[in-house]
Structures are given as structure tokens and as C-alpha cells.
Amino acid sequence: MADPTPKRSSWRGDKRTAAQRGYDYKWRKARAAFLKQNPLCQYCEEDGKVTLATVVNHIIPHQGDETLFWDMDNWQPVCKKHHDSTIALEEARNAKIGGDSSGNPADPNHHWYGRGVA
Ligand SMILES: [Zn+2]
């Protein structure tokens, strides 16, 4: 009989299809080519810094959507630091359950606080 509580396999799940492994290879190649053409972190550039981008970030989280995933207009080159903080911000936004969040980064050293100082 069927499991009364079927496990919903998320796109982040461990079990990957052969197609997904194929994307993996294609993505690695596409990502490398993109970073070659767009070698600098976009956020650092906005801050007037020059940092080598090592990550291609999806501006609009693709959440498994192939169209968004492969849409190069939705890609931006970022450094690891900014990628991690962007993800943290997005997750904080998605996980905004408590009412005590000011919406500002908790880290006083966060680059947002350095903005506009010129
Ligand atoms: Zn950066």
C-alpha cells in the first residue's frame, strides 16, 4: 500500500536524476565561461572594490525552474563572500516569521553599512 505520508522530494534532494547530473556538467561549463567574461563581483564593483567573482548567482532564485536557471539575464558574477551573504539575506527574507526583525543585516561589518560613505 502507499505510504500515507509520501515524502515530497524537493529539488534540493539528494537523489539526482541523470538529467540533473547532465545539467551539472553543462552548468559548470556555462558558469566558467560566464565568469571568464564577467570576472568581477558585481556587489564589490558597486562598492568601488575590485574582487574576482567565483560564483554565478541567480538574481531571481530559480528554485528548480530551468528557464530561470539558464536565463543569463538572471545571472550575476559575485564573490564567495557576497554570494554567502546574499543567500543568507534571501533565506532570512524567506524565513521572516518572527516580528522582531528590523530587516537590517545583523553584522555591523556588513558592507551595507559602508554604503553611501563614499
Ligand atoms: Zn563581492
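Residues numbered from 1 in each chain as written. Predicted model: local features only at pLDDT ≥ 70, side-chain atom pairs only at ≥ 80, totals over all residues.

### With respect to the overall build of the protein
Part 1: On a plain count of helices and strands, the protein comes out with four helices and two strands.
Part 2: Taking all 118 residues of the protein together, 9% fall into the buried category.
Part 3: Of all intrachain contacts in the protein linking residues separated by at least 6 positions in sequence, the fraction that spans at least 24 positions is 51%. (Helix = DSSP H or I, 4+ residues; strand = E, 2+ residues; numbered from the N terminus. Buried ≥ 20, exposed ≤ 12 C-beta atoms within 10 Å, placed from the backbone. Contact = placed C-beta atoms within 7 Å.)

### Some points on the environment of threonine 51
Part 1: Relative to the assigned elements, threonine 51 resides in the loop between helix H2 (42-46) and strand S1 (55-58).
Part 2: A count of 19 C-beta atoms within 10 Å places threonine 51 in the partly exposed class.
Part 3: A sequence separation of eleven residues divides threonine 51 from leucine 40, and the C-alpha atoms of the two residues are 5.5 Å apart.
Part 4: If near-sequence neighbours (up to four positions away) are discounted, threonine 51 is found in contact with Leu40, Cys41, Cys44 and Cys79.

### Re the nonpolar core
Part 1: Counting five residues, the largest nonpolar core consists of Cys41, Tyr43, Ala53, Val78 and Cys79.
Part 2: Every residue in contact with tyrosine 43, bar those within four places of it in the chain, is listed here: Val78 and His82. (Core = buried A, V, L, I, M, F, W, Y, C linked by C-beta atoms within 7 Å.)

### Remarks on helix H1 (residues 18-37)
Part 1: Over its 20 residues, H1 extends 29 Å from the first C-alpha to the last, a length consistent with the 28 Å expected when each residue adds 1.5 Å.
Part 2: Burial analysis of H1 places just zero of its 20 residues in the buried class, a small minority of the element. (Expected span 1.5 Å × (residues − 1).)

### As for the pairing of strand S2 (residues 75-78)
Part 1: Of the two faces of S2, the one carrying Trp75 and Pro77 and the one carrying Gln76 and Val78 are both buried.
Part 2: Where S1 lies against S2, four bridges are found, and the strand directions are antiparallel. Across the sheet, residue valine 56 finds its bridge partner in S2, namely proline 77. (Pairing = 2+ DSSP bridges.)

### Overview of the confidence of the model for the protein
Do not read the fine detail of predicted coordinates wherever pLDDT is low.
Part 1: Per-residue confidence for the protein gives a mean pLDDT of 77; residues scoring 70 or more make up 64%.
Part 2: Confidence drops under a pLDDT of 50 for residues 97-101, and excluding neighbours within four residues, the segment shows one contact in the predicted structure. (pLDDT = per-residue confidence, 0-100.)

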